[in-house]
Amino acid sequence: MNEKLEFIRSMPKVELHLHLEGSIQPKTALSFIKRNNKKNVDSVEDIRSVYKFDDLGEFVKSMRKVTDNVKTLDDLALVTTELLTSLAGQNVRYVEFDCAVQKYMNLGLKLDDVIETIYQASEKVNAKFPIQSRMLVNLQRHHEVDNAVKLVEDLHDLHHPYVVGIGLSGDESKYPQEMFARAFNLSINGSLHRTVHAGEGSGPKSVWNAIKLLHAERIDHGTRSIEDDKLMDYLVEQQIPLTQCISSNVKLHIVENYEQHPFRLLYDKGVKVTLNTDDPQVFGVSITDEFVKAAELFNLEYNDLRQIVLNSVHASFLNEDEKNNLEQSIKNEFAALLQSKI
């Protein structure tokens with residue numbers, strides 16, 4: 001495995017399912033909390049102890065203990081810079097991360113200021129390292145349906161090139177997909193792509209509803225799709241990607257343990273699966289960690305690793321020219337790495 005580990009560290013990577021709010025470095029989180037005079041958090045170890053949960057509901061509450069301390073545009077710039085710099089250090093060539101924009105608008109920040117701040121921070125990192133990035137706006141389910149509709153309308157008016165789409169996350173059981181049909185329907189005639197968390201806390205029906213009611217072009221997680229043979233066939237036939245997050249699924253008890261995760265089954269059946277971290281600082285993982293773990297658990301060979309990265313390129317919301325350029329660049333990098341093994 002040592003040789004494969006080195007290969008994984010060196011290979012180009014793409015990540016499509018990553019929440020900006022779940023990437024806050026512990027030291028940065030600590031500085032935000034201290035600035036806001038919050039008690040009972042005095043060290044990085046205290047930050048890590050905050051992230052304790054047994055289910056999706058507790059996970060959301062744990063996240064807020066940290067993310068509620070992100071208050072300013074400078075905070076967002078710092079978090080973005082640290083995230084992209086970390087990813088660049090892992091040879092991530094492209095990332096689509098999402099941001100809970102409504103959270104900051106509720107604090108009084110303006111939509112265009114939030115997006116432009118994140119964009120400018122990303123541009124500075126992209127100028128230093130060979131990494132491209134785009135942003136999705138995360139319509140969190142608990143932020144109310146009317147807010148989601150208004151936000152999509154405002155995104156259309158703003159038409160910022162850095163924002164490639166919208167996503168939907170949160171508790172599927174409390175806030176089912178159909179509640180957000182109006183917001184997602186607004187995106188169909190515009191320039192916003194669509195991805196939806198489904199098949200995580202709820203079963204295959206939530207995946208069907210994400211596709212049929214919300215017109216999802218890809219599914220975040222989709223892990224429980226394995227429970228429905230017709231759905232599996234549909235995902236393969238339509239080539240609808242699943243942005244899989246193995247450690248997240250295990251730590252949130254979506255699956256019982258790593259060995260029982262259906263990633264390999266999905267891959268072998270021809271589902272377009274990708275590998276992602278979800279919330280890297282919350283779950284204590286990196287994208288490199290996830291590839292290493294997947295390679296060990298599911299006996300992934302070099303060409304499997306290459307295919308999974310290319311799946312992410314194909315599943316991205318880049319335009320066709322950008323996608324083709326990224327695909328060729330990544331193929332060239334893999335060819336050089338594989339050639340060195342001959």
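Residues numbered from 1 in each chain as written. Predicted model: local features only at pLDDT ≥ 70, side-chain atom pairs only at ≥ 80, totals over all residues. Heavy atoms only, no water.

Colleague: What is the right way to look at helix α9 (residues 181-188) in this model?
Modeller: Along an α-helix, residues three or four apart share an orientation, since each turn contains 3.6 residues. Among the residues making up α9, those that are buried are A181, A183, F184 and S187. Buried residues of α9, seen end-on, are gathered within an arc of 165° and therefore sit on one face of the element. Looking at the buried side of α9, the elements it contacts are β3 (132-140), α8 (145-158), β4 (163-169) and β5 (193-198). (Buried < 20%, exposed > 50% of the residue type's maximum accessible area, 1.4 Å probe, protein only. Helix = DSSP H or I, 4+ residues; strand = E, 2+ residues; numbered from the N terminus. Arc of directions from axis to C-beta. Contact = heavy atoms within 4.5 Å.)

Colleague: I keep staring at the packing of helix α16 (residues 302-315) against helix α17 (residues 320-339) and nothing clicks. Help me out?
Modeller: Running from amino to carboxyl end, α16 crosses α17 at an angle of 170°, the nearest separation of the two axes being 10 Å. As the angle between them shows, α16 and α17 are arranged roughly antiparallel. Seen from above, α16 lies across α17 with right-handed handedness. Residues Y302, N303, L305, R306, V309, L310, V313 and H314 of α16 form the contact with α17, whose own contacting residues are K323, L326, E327, I330, K331, F334 and L338. Across the contact of α16 with α17, the residue classes break down as nine nonpolar, two polar and four charged. (Axes fitted to C-alpha atoms, helices over the stretch in contact; angles between N-to-C directions. Parallel < 35°, antiparallel > 145°, perpendicular 65-115°, else oblique. Left-handed = near helix turned anticlockwise from the far one by under 90°. Nonpolar A, V, L, I, M, F, W, Y, C, P; charged D, E, K, R; others polar.)

Colleague: Explanation requested: the sheet that holds β4 in the structure shown.
Modeller: Sheet strands associate in pairs through backbone hydrogen bonding, adopting either a parallel or an antiparallel arrangement. Reading across the sheet, the eight strands line up as β1-β2-β3-β4-β5-β6-β7-β8 and stay open at both edges, with parallel pairing between neighbours. What marks the edges here is a single partner per strand, and that holds for β1 (13-15) and β8 (273-275). Here the strands of the sheet are splayed against their neighbours by 25° on average, with no regard to which way each runs. Sheet topology note: the strand β6 (residues 218-221)/strand β7 (residues 242-244) ladder contains two bridges and is parallel. Paired with D220 across the strands is T243, a residue of β7. Strand contacts of helix α5 (residues 73-88): β1, β2 (92-99) and β3, with the helix running at about 150° to β2, the strand carrying the most contacts. Sitting on the sheet, α17 is in contact with β1, β2 and β3, with an inclination near 135° to β2. (Pairing = 2+ DSSP bridges.)

Colleague: Got a minute to help me understand the state of the cysteines in this structure?
Modeller: A full pass over the atoms with the stated rule returns zero disulfides. Between C99, a free cysteine, and C245, which holds the nearest cysteine sulfur, the sulfur-to-sulfur gap is 17 Å. (Disulfide = S-S within 2.5 Å.)

Colleague: Is there a simple way to explain unusual backbone geometry in this structure?
Modeller: Keep in mind that most residues, glycine aside, have a negative phi and that most peptide bonds are trans. Of note in the backbone geometry, E144 takes a positive phi value of approximately 80° without being a glycine. We classify E144 as exposed; its relative accessible area is 55%. Located in the positive-phi region is N299, a residue other than glycine, with phi close to 55°. Tracing the sequence through the fold places N299 in the loop between α15 (287-298) and α16.

Colleague: For this particular structure, what's the right way to read α17?
Modeller: Spanning 20 residues, α17 covers 28 Å between terminal C-alpha atoms, matching the ideal 28 Å at 1.5 Å per step. Looking at α17, one finds that the buried residues are K323, L326, E327, I330, F334 and L337. Viewed along the axis of α17, the buried residues span an arc of 100°, placing them on a single side of the element. Summarising the geometry of α17, the exposed residues directed more than 90 degrees from the buried face are D321, N325 and Q339. Where α17 begins, one side-chain oxygen reaches toward the backbone nitrogen of D321, 3.2 Å away; that side chain belongs to N319. (Expected span 1.5 Å × (residues − 1). Polar contact = N/O pair within 3.5 Å; in protein donor to acceptor, adjacent residues only side chain to side chain.)

Colleague: Even after reading the chapter, I still don't get the nonpolar core, so can you show me in this structure?
Modeller: General note: in soluble globular proteins, nonpolar side chains tend to be found buried as a group. Ranked by size, the top nonpolar core spans 106 residues in total, and within it F97, M135 and L139 carry the most contacts. Broken down by element, the residue count for this core peaks at seven residues, all from α16. If near-sequence neighbours (up to four positions away) are discounted, M135 is found in contact with F97, C99, V101, I115, I118, Y162, V163, V164 and G165. (Core = buried A, V, L, I, M, F, W, Y, C linked by side-chain atoms within 4.5 Å.)

Colleague: Would you mind going over the pairing of β4 with me for this structure?
Modeller: Consecutive side chains of a regular strand alternate in pointing toward one face of the sheet and then the other. By the criterion of burial, β4 is predominantly enclosed, with seven of the seven residues buried. Here β3 runs beside β4; their pairing, made up of six bridges, is parallel. Each bridged residue has a counterpart across the sheet, and for M135 the counterpart in β4 is V163. As for the winding sense of the linkage, the β-α-β connection from β3 through α8 to β4 is right-handed. (Right-handed = clockwise from strand over helix to strand, strands pointing away.)

Colleague: What's the story with the packing of α5 against helix α7 (residues 111-128) in this structure? I'm lost.
Modeller: To describe two helices that pack against each other, one gives the angle between their axes and the distance between the axes. One way to put it is that α5 packs onto α7 with a least axis distance of 9 Å and a crossing angle of 35°. Regarding α5 and α7, the two cross each other, and that crossing is right-handed. Every residue of α7 that contacts α5 at L73, L76, A77, T80, T81, L84 and T85 is listed here: D113, V114, T117, I118, A121, S122, V125 and N126. Tallied by class, the residues present in the contact of α5 with α7 amount to eight nonpolar, six polar and one charged.

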